[in-house]
Amino acid sequence: MNILLTGGAGYIGSHTCVALQEQGYSVIVIDNLCNSRAVSLSRVEEITGRPVIFYPLDLCGREGVRSVFKRHHIDAAVHFAGLKSVAESVEKPLTYYQNNIDATLTLCEVMKEHGVKNFVFSSSATVYGNPETVPIKEGAPLAPFNPYGRSKRFIEEILTDLHQSDSSWNIALLRYFNPMGAHPSGRIGEDPSGVPNNLMPYISQVAVGKRPELLVYGDDYPTPDGTGVRDYIHVMDLAEGHVRGLEKTMSGAGLTTYNLGTGKGCSVKEMIAAFEKASGRRIPFKIAGRRPGDVPAYYADPSLAEKELGWRARRGIHEMCADAWRWQSMNPDGYPS
Ligand code: NAD
Ligand code: UD1
């Protein structure tokens, strides 16, 4: 079976390439490399010993996308491509809406032209906004509060309308919690450009000596140690969740929505301690003010994915930190340019 991965050269996409190839799928990647490097795909090939077919194309360009569908029989698409920085989305909302929504519309239109109607979408737990209660179930109210999160919600609604108009579409909306870690080989991992916004890549860069200290954004939250609590999920667990989501979709499941998280919360201070243990390095940190837009605590109720996909996250925080550290220490400057 041929699976199209849009954004497949990126962090989650490249790990999902590995998981799919290991299950015998052939992968075709479209990525415009606006936030990734093609070398990630060469490393996927090195890990799996199987070829990745790669098209360096912008998904918003209809003719380019059409040419890929004309050249290959495609059974399903996993749609990772999108811009993902919350802070940047506040500064450039039009860029975010244009890229994320236009890319999705173009992809769906070309899929429809070719009768390909199995679709897995990278949504985000950010669609829940500041949840009323935790753990969060899929039926919780949606209230994203920044343009990035709203672009995910709008796309979920577009895909829901598409399914309503034609029930032969099978669409899985996968709401990820906080992905971290790397493939255990240390050959692929998260390679943020510039100063990382997210906790794990920042801690890794402090550990490897690229940054002097971590700023902990707030220790006065109503959480056990006062720091923010999140549901960190190993990127390989997430990748395996995509394989299950894809299989469910291809079995003719219609429109489905799943949280992909571990169901366990971990605080910033707990994460620092776990990373120090895994790396053997000290992580100097300083308590700073709260980051605007942050919520105190969120973590998933992942029971629906377990029940319907037979999937659950298997790797714990120690393994996530050990794998993140292996990637960072083997590739202190990320992928070679
Ligand atoms: P990433 O930036 O590493 O990967 C996204 C890829 O999409 C990049 O390789 C980029 O070059 C490509 N891309 C962007 N716009 C494109 C376009 N118009 N045409 C072709 N390629 C394009 O990000 P990631 O962390 O791997 O995230 C993958 C998806 O998962 C994104 O949609 C993101 O919003 C979503 N997500 C990520 C997280 C997270 O914390 N990493 C959490 C929840 C959801
Ligand atoms: C952030 C985004 C979210 C997006 C997710 C993608 C914001 C407000 N939210 O989520 O929409 O889906 O990334 O992964 O940007 N922290 C520090 N110091 C740092 C970085 C983070 O203390 O240098 C803390 C944060 O305050 C938070 C926790 O670490 O409590 C996790 O932060 P982060 O990795 O940025 O993820 P989210 O805030 O959950």
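Read on for an overview of the structure.

Criteria and cut-off values
- Residues numbered from 1 in each chain as written.
- Chains lettered and ligands numbered in written order.
- Predicted model: local features only at pLDDT ≥ 70, side-chain atom pairs only at ≥ 80, totals over all residues.
- Heavy atoms only, no water.
- Near = heavy atom within 4 Å.
- Polar contact = N/O pair within 3.5 Å; in protein donor to acceptor, adjacent residues only side chain to side chain.
- Areas by Shrake-Rupley, 256 points an atom, 1.4 Å probe, with all protein chains shown as cover.
- Helix = DSSP H or I, 4+ residues; strand = E, 2+ residues; numbered from the N terminus.
- Nonpolar A, V, L, I, M, F, W, Y, C, P; charged D, E, K, R; others polar.
- Core = buried A, V, L, I, M, F, W, Y, C linked by side-chain atoms within 4.5 Å.
- Buried < 20%, exposed > 50% of the residue type's maximum accessible area, 1.4 Å probe, protein only.
- Contact = heavy atoms within 4.5 Å.
- 1 Å grid on protein atoms, 1.4 Å probe; cavity = no way out; pocket = protein on both sides within 12 Å on 5 of 7 lines; lining within 4 Å.
- Points joined across faces, edges and corners; volume = space filled by probe spheres on them.
- Pairing = 2+ DSSP bridges.
- Axes fitted to C-alpha atoms, helices over the stretch in contact; angles between N-to-C directions.
- Phe/Tyr/Trp six-rings, centres within 6.5 Å; stacked < 30°, edge-to-face > 60°.

## As for the site of ligand 1
- In the region of ligand 1, 26 residues are neighbours, and D31, N35, S36, F80 and Y148 sit closest.
- I12 has a polar backbone atom sitting 2.8 Å from an oxygen atom of ligand 1.
- In the model, a nitrogen atom of ligand 1 is placed 2.9 Å from a nitrogen or oxygen of the L59 main chain.
- When the free accessible area of ligand 1 is taken as 820 Å², the share hidden by the protein chains comes to 95%.
- Elements with a minimum of two residues in the shell around ligand 1: helix 1 (11-22), strand 5 (118-124) and helix 6 (147-165).
- If you tally residues by element for the shell around ligand 1, the top one is strand 5, at 3 residues.
- Classifying every residue of the shell around ligand 1 gives 12 nonpolar, 10 polar and 4 charged.

## Regarding the nonpolar core
- In this structure, I3, L5, L20 and L246 are the most contacted members of the largest nonpolar core, which totals 38 residues.
- If we skip the residues at most four places from it in the chain, L5 touches G13, T16, C17, L20, V27, I28, V29, I30, V78 and F80.
- Of all hydrophobic cores here, the second largest spans 25 residues; its members include I30, V116, L159 and I171.

## Overview of the layout of surface pockets
- What the second largest pocket holds in volume is close to 270 Å³.
- Taken together, 18 residues form the lining of the second largest pocket, with G261, T262, K264, A313 and R315 sitting closest to its centre.
- Counting residues per element, the ones that place at least two in the lining of the second largest pocket are helix 10 (303-309) and helix 11 (317-330).
- By residue class, the composition of the lining of the second largest pocket is 7 nonpolar, 5 polar and 6 charged.

## A short note on the sheet that holds strand 2 (residues 26-30)
- What the 7 strands build is an open sheet, ordered 3-2-1-4-5-6-11; its pairing is parallel. Edge positions in the sheet fall to strand 3 (53-55) and strand 11 (255-260), since each has one partner strand and no second. For this sheet, the mean angle separating the axes of adjacent strands, direction not counted, is 20 degrees.
- The pairing of strand 5 with strand 6 (residues 170-176) spans 7 bridges and is parallel. Directly across from S123, in strand 6, lies its bridge partner R175.
- Packing against the sheet, helix 5 (residues 93-113) makes contact with strand 1 (2-6), strand 4 (76-79) and strand 5, and its axis sits at approximately 170 degrees to strand 5.

## Digging into the site of ligand 2
- Among the 20 residues in the neighbourhood of ligand 2, the closest are listed as L199, L215, R230, R291 and D294.
- N198 places a side-chain nitrogen or oxygen 2.9 Å from an oxygen atom of ligand 2.
- Interatomic distance of 2.9 Å between a backbone N/O atom of Y217 and an oxygen atom of ligand 2.
- Taking 740 Å² as the accessible area of ligand 2 by itself, protein coverage stands at 89%.
- If one sorts the elements of the shell around ligand 2 by residue count, strand 8 (residues 214-217) sits on top with 4 residues.
- Looking at side-chain class alone, the shell around ligand 2 contains 10 nonpolar, 7 polar and 3 charged residues.

## A look at unusual backbone geometry
- Cis peptide bonds are those with omega within 30 degrees of zero, and the linkage from V134 to P135 qualifies with -5 degrees.
- Inspection of the secondary structure puts P135 in the loop between strand 5 and helix 6.

## Digging into the packing of aromatic side chains
- Tallied over the full model, the rule gives 5 aromatic pairs.
- Between the aromatic rings of F275 and W325, the centroid separation amounts to 6.0 Å while the plane-to-plane angle is 85 degrees, which identifies the pairing as edge-to-face. With F275 in helix 9 (residues 268-279) and W325 in helix 11, the pair connects residues that are 50 residues apart, well separated along the chain. Each member of the pair, F275 as well as W325, is classed as buried.

Treat this as a map of the structure, not an account of what it does.
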